[in-house]
Amino acid sequence: MSMSNANFPMDPEGRTYHVGIKRGELANRIITVGDPARAIVLSRSLDGVDPATPAKTVPTNLFSHASHRGFLTVTGRYKGTPVSIVAIGMGVSMMDFFVRECRAVVDGPMIMIRLGSCGSLSDAKVGDICVPSSSYLVQRNYDYFADDASSTASPYILSKKFDADPEVTAMLVKNMSAQLGDNHVWKGVNATADSFYSSQGRQDENFIDNNQELFTELVKHEPGTLTLEMETFLLYHLARTSTAAPLKQESRLKQEATSNQHSIRAGACMMVFAQRKSNEFISKEDVVRVEPLAGKAVFDSLVEVSLGEESELHATEGS
Ligand code: R1P
Ligand code: URA
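Residues numbered from 1 in each chain as written. Chains lettered and ligands numbered in written order. Predicted model: local features only at pLDDT ≥ 70, side-chain atom pairs only at ≥ 80, totals over all residues. Heavy atoms only, no water.

Colleague: Which residues make up the site of ligand 2, and what values do they have?
Modeller: Near ligand 2 you find Ser117, Cys118, Gly119, Phe196, Gln200, Arg202, Leu228, Glu229, Met230 and Ala274, and these make up its full shell. For ligand 2, a nitrogen atom lies 2.8 Å from a polar atom in the side chain of Gln200. Note that an oxygen atom of ligand 2 is positioned 2.7 Å from one of the side-chain N or O atoms of Arg202. Mapped by element, the contributors of at least two residues to the shell around ligand 2 are strand 5 (110–120) and strand 10 (225–229). Looking at the shell around ligand 2, the element that brings in the most residues is strand 5, giving three residues. Grouping the amino acids of the shell around ligand 2 by side-chain chemistry returns five nonpolar, three polar and two charged. (Near = heavy atom within 4 Å. Polar contact = N/O pair within 3.5 Å; in protein donor to acceptor, adjacent residues only side chain to side chain. Helix = DSSP H or I, 4+ residues; strand = E, 2+ residues; numbered from the N terminus. Nonpolar A, V, L, I, M, F, W, Y, C, P; charged D, E, K, R; others polar.)

As C-alpha cells, this is what we get:
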C-alpha cells in the first residue's frame, strides 16, 4: 500500500492509513463499538436488511470495509437516514485513530456515539446501561514505579472531566429507557482507564500495581463515578477540541481549544459487563438480549439529533 503525506497519510484513492475509509463511504452519524461482532449484530437493525443473512456476516446490501489494522466500517440507512457503524477495537489510541480519520473524510457536522461495555462501580447491575454525561482519564503513573521515583508521587493520575453533548446524553437516556425500562438505565460520570487491569483496580499478583485504594480515590475525585472502561474520555475530549469547520492549519493553530464551535457532537453509553462490587460477570444470554436493544436506542438517538447541514453520502449502499 503506497501512502502520501507523512503528516496525515492517505493512499492514492484517498483512504486513511488505519481506518481505511475514504470520502463518500461514511455517514455524518456514526455509532462506534469496540467489538466487530457487535458491529455486525447492530448492522441487522439497518434498513432493508434481509433477515435470512447468515449470523456473523455483514448484510450484503450494506457498504462494509475491514481495514488492515482491525477497523470494521459498515454504512447504510436507519429509518431512512444515512448512518455508519465503526468497530475500533480497544483503548484510547484506537479512539484517536477513529475520530481523527473519520473527521478527515466527512464534510459538515458529525455526531459520534459509543456503545461499549464497562465495569460498574455503582449499584448498576450486569446487563444495565450507563449513560455518562462526562468522563475523566485514569492513567498509570509510570514515573511512580521508576527506581528513582519521587516519594510524593501517586501511582495513578486522574484527569479533569470532559462533557458529552447534553442533548445527545438526554436523548440516549430517553431512548435507552424506552428499550430497557427506567430502572435499568443509569446516569453519572465515566472513568476511562489506560488498562483493563491495573488502572481499573484489578488485582494481579504478577505485577506491582499499588492499586488497592483506587476505587476510593476515583469516588473521592468524582463522587458520581459509575463506570470504568477504555475509550469514552478520548471521544468526549476530541469532540470538545474539534474545530468548528475544516480549517487551514495556520488558522487551526490560532483557534482556542475551548471554543464553543465544535464540528463533532459526542455521546456514549455502556452495557455493564462486570459488576466490580459483587464481582459478577455478564452471561452470554444477557449480551445477546441487551446488545440489539441498546443498539436500537443508539440508532434512534443518532437520527433524532439535528445536525444542520450534512454532506451527501455517495458510494455507500451495497458495495
Ligand atoms: C475491554 O474488555 C473492552 O471492553 C470495553 C472497554 O472499553 C474495552 O474496550 O468496551 P468495548 O466492549 O466497546 O470494547
Ligand atoms: N470493559 C472494561 O474496560 N472493564 C470492564 O470491567 C468490563 C468491560
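Colleague: Which residues make up helix 1 (residues 36–43), and what values go with them?
Modeller: Within helix 1, burial applies to Arg38, Ala39, Ile40, Leu42 and Ser43. Of the surrounding elements, those touching the buried residues of helix 1 are strand 1 (29–33), strand 3 (72–78), strand 4 (81–87), strand 5, strand 11 (264–275) and helix 7 (284–304). Sitting at the amino-terminal end of helix 1 is Asp35, which places a side-chain oxygen 2.9 Å from the backbone nitrogen of Ala37. (Buried < 20%, exposed > 50% of the residue type's maximum accessible area, 1.4 Å probe, protein only. Contact = heavy atoms within 4.5 Å.)

Colleague: Give me the lowdown on the site of ligand 1, citing residues and values where you can.
Modeller: Taken together, the neighbourhood of ligand 1 is formed by Gly34, Arg38, Met90, Arg114, Gly116, Ser117, Phe196, Glu229, Met230 and Glu231. Between ligand 1 and Glu231 there is a distance of 2.5 Å, counted from an oxygen atom to a side-chain nitrogen or oxygen. Starting from 340 Å² of accessible surface for ligand 1 in isolation, the protein chains cover 85%. Top contributing element to the shell around ligand 1 by residue count: strand 5, with three residues. Partitioning the shell around ligand 1 into residue classes produces three nonpolar, three polar and four charged. (Areas by Shrake-Rupley, 256 points an atom, 1.4 Å probe, with all protein chains shown as cover.)

Colleague: Could you give an account of the pairing of strand 2 (residues 63–66), naming the residues involved and the relevant values?
Modeller: Relative to strand 3, strand 2 runs antiparallel, the two sharing four bridges. Of the residues in strand 3, the one forming a bridge with Phe63 is Thr75. Between strand 2 and strand 3, which follow one another and run antiparallel, lie five residues, and Gly70 among them has a positive phi close to 90°. (Pairing = 2+ DSSP bridges.)

Colleague: Describe the nonpolar core, listing the residues and the values that go with them.
Modeller: In this structure, Ile31, Phe98, Leu115, Ile129, Met176 and Phe299 are the most contacted members of the largest nonpolar core, which totals 73 residues. Aside from chain neighbours lying at most four places away, what touches Phe98 is Val19, Ile30, Thr32, Phe71, Val86, Ile88 and Met112. With ten residues, the next largest nonpolar core counts Val138, Tyr156, Ala191 and Leu228 among its residues. (Core = buried A, V, L, I, M, F, W, Y, C linked by side-chain atoms within 4.5 Å.)

Colleague: Give a detailed account of the side chain of Thr192, specifying residues and quantitative values.
Modeller: In this structure, Thr192 sits in strand 9 (residues 185–193). Residue class for Thr192 comes out buried when judged on its relative accessible area of 0%. Among the polar contacts made by the side chain of Thr192, one reaches the side chain of Asn190 at a distance of 3.1 Å.

Colleague: Talk me through the pairing of strand 6 (residues 129–140); I want residue IDs and the actual numbers.
Modeller: Across the twelve residues that make up strand 6, a large majority, ten, are buried. Across nine bridges, the pairing between strand 6 and strand 9 is parallel. Among the inter-strand pairings, Val138 is bridged to a residue of strand 9, identified as Ala193. Note that strand 6 and strand 11 share two bridges and pair antiparallel. Its bridge partner lying in strand 11, Cys130 is registered against Met270. Pairing geometry for strand 6 and strand 8 (residues 162–163), over two bridges, is antiparallel.

Colleague: Requested: an account of the layout of surface pockets, with residues and values cited.
Modeller: Approximately 470 Å³ is the volume found for the second largest pocket. Lining the second largest pocket are 16 residues, with Ala37, Val41, Val287, Val288 and Glu291 positioned closest to its centre. Every element with two or more residues in the lining of the second largest pocket is listed here: helix 1 and helix 7. Looking at which element gives the most residues to the lining of the second largest pocket, the answer is helix 7, with five residues. Across the lining of the second largest pocket, the residue classes break down as nine nonpolar, one polar and six charged. (1 Å grid on protein atoms, 1.4 Å probe; cavity = no way out; pocket = protein on both sides within 12 Å on 5 of 7 lines; lining within 4 Å. Points joined across faces, edges and corners; volume = space filled by probe spheres on them.)

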